[in-house]
Structures are given as C-alpha cells and as structure tokens.
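What follows is the residue order along each chain.
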Amino acid sequence: LIKENINKDDLLELLFNLSVKNTNADAGLIMVNDPMTNYVFNRTEQLSDKYVSQIISCFEKDMEQKKFIYIPGLRKSQYSAEFPLNYGSIFCQNIELSNRRIGQVFLFKSYNNGFDEYMIRLIGTYINQAVIAMNNAELLDEAIESARLKEEMSKNDVGWVPPKVE
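Residues numbered from 1 in each chain as written. Predicted model: local features only at pLDDT ≥ 70, side-chain atom pairs only at ≥ 80, totals over all residues. Heavy atoms only, no water.

Some details on the side chain of S19
Point 1. As for its placement among the helices and strands, S19 is situated in helix α1 (residues 8–23).
Point 2. Relative accessible area serves as the criterion here: at 0%, S19 is assigned to the buried category.
Point 3. With residues up to four places along the chain from it excluded, the contact list for S19 reads L107, I123 and Y126. (Helix = DSSP H or I, 4+ residues; strand = E, 2+ residues; numbered from the N terminus. Buried < 20%, exposed > 50% of the residue type's maximum accessible area, 1.4 Å probe, protein only. Contact = heavy atoms within 4.5 Å.)

Now the structure itself:
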C-alpha cells in the first residue's frame, strides 16, 4: 500500500483520501504542522477553508488530552453551540510522531452515529502506518546525514600526520 520512495505530502494525501473514502465521510480535514521540521500539510474534502480555524479551536482543548474523539450526536453535544457546521457526527484523531502531536485528521458525517468501531480502528491503523513511514523516513535522513558528515570528516583527515615527539 505504501510505496518505498513516497514523500510526506503523498503519504499524507494517501492517508487522508483512504480515510475519507473508506468511512464514506461527507467531509474531512487533515492538518499537519510539525514545529521541529517546519513541515506543514493541510487538505480539506467538501469543507470550506473558512471553517478550518473554527473547527480546530472547537476541539483543540479535548484533543490535547485525548488521542481521539468520537461524537456520535454532534448536534446535541457540548460542541453544538461552537461548531460552525451542520454535521451529525465527527471523528477526530491526533497524528503523533516521536511522541509529539504534529496534526489531526477530522472526519464528518451528516447523520448521527456515522462511524462504527471498525471505521475508528481502520483510521487508527492508517494513521499508525503513516507515522511509521514518516518515522522511518526521518531515521533514514538522519543516517544519510551522519554518513555524509563522517565521509566529509574522513576526507579532511587525509594527509594529516601527527607531529613527531622527541
């Protein structure tokens, strides 16, 4: 499913498209902002960009404390007054890389109880696989950089002979 030489944008695009398609979500949002690498990725599906900041601020406090949230009856929940759109249910899960939260996936359905346990586990699996691939890419980048520095240092050492001590 995940190609060997896929870049982060393609990987997150794949994660998002699979999540929306395989849950039959009516709308979706993925936001990634990794302050350690300054990497940013955002996509929406059937969702106007003008609502993105409102959606994030509506669920931000709970998402800091939880790995995911599922609200089967959004219109009658504690979020109904703040939430700017007319969806019946929402599923949101954090994307965590190396023990730091770098983003979230939000999926919306127009009716209540829109996501079942299978769908929730499926999205979790997609996110975990994407995180493993991103982590492997980071490790590979570090190994390549380390090898490059080692080779550069060895080139600089060629021809250097320590002085004789008499």
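The rest of the description comes next.
A few points about the side chain of Q104
Point 1. Looking at where Q104 falls in the secondary structure, it is placed in strand β5 (residues 100–109).
Point 2. With near-sequence residues (within four places) excluded, Q104 lies in contact with L29, I30, M31, I56, M63, C92, Q93, N94 and I95.

Some points on the environment of G103
Point 1. Position of G103 relative to the elements: it lies in strand β5.
Point 2. Judged by relative accessible area, which is 7%, G103 ranks as buried.
Point 3. Setting aside anything within four residues of it in sequence, one finds G103 in contact with M31, V32, Q93, N94 and I95.

Quick notes on the pairing of strand β1 (residues 27–34)
Point 1. For β1, the buried fraction is high: six of the eight residues fall into the buried class.
Point 2. In terms of strand pairing, β1 meets β5 through six bridges, oriented antiparallel. From the neighbouring strand, V32 faces β5, where its bridge partner is G103.
Point 3. Between the antiparallel neighbours β1 and strand β2 (residues 39–45) lie four residues, among them N38 with a positive phi of about 60°. (Pairing = 2+ DSSP bridges.)

Here we look at the packing of aromatic side chains
Point 1. Per the counting criterion, the structure on display carries nine aromatic pairs.
Point 2. Measuring from ring centre to ring centre gives 6.4 Å for F106 and F108, while their planes differ by 10°; the resulting arrangement is stacked.
Point 3. Chaining the aromatic ring pairs together yields one cluster made of F59, Y79, F83, Y87, F106 and F108.
Point 4. Positioned over the ring face of Y39 is K8, at 4.9 Å from the centre of the ring.
Point 5. When the ring centre of F115 is taken as origin, the NZ or CZ atom of K109, which lies over that ring, is 5.1 Å away. (Phe/Tyr/Trp six-rings, centres within 6.5 Å; stacked < 30°, edge-to-face > 60°. Lys NZ or Arg CZ within 6 Å of the ring centre and 35° of its normal.)

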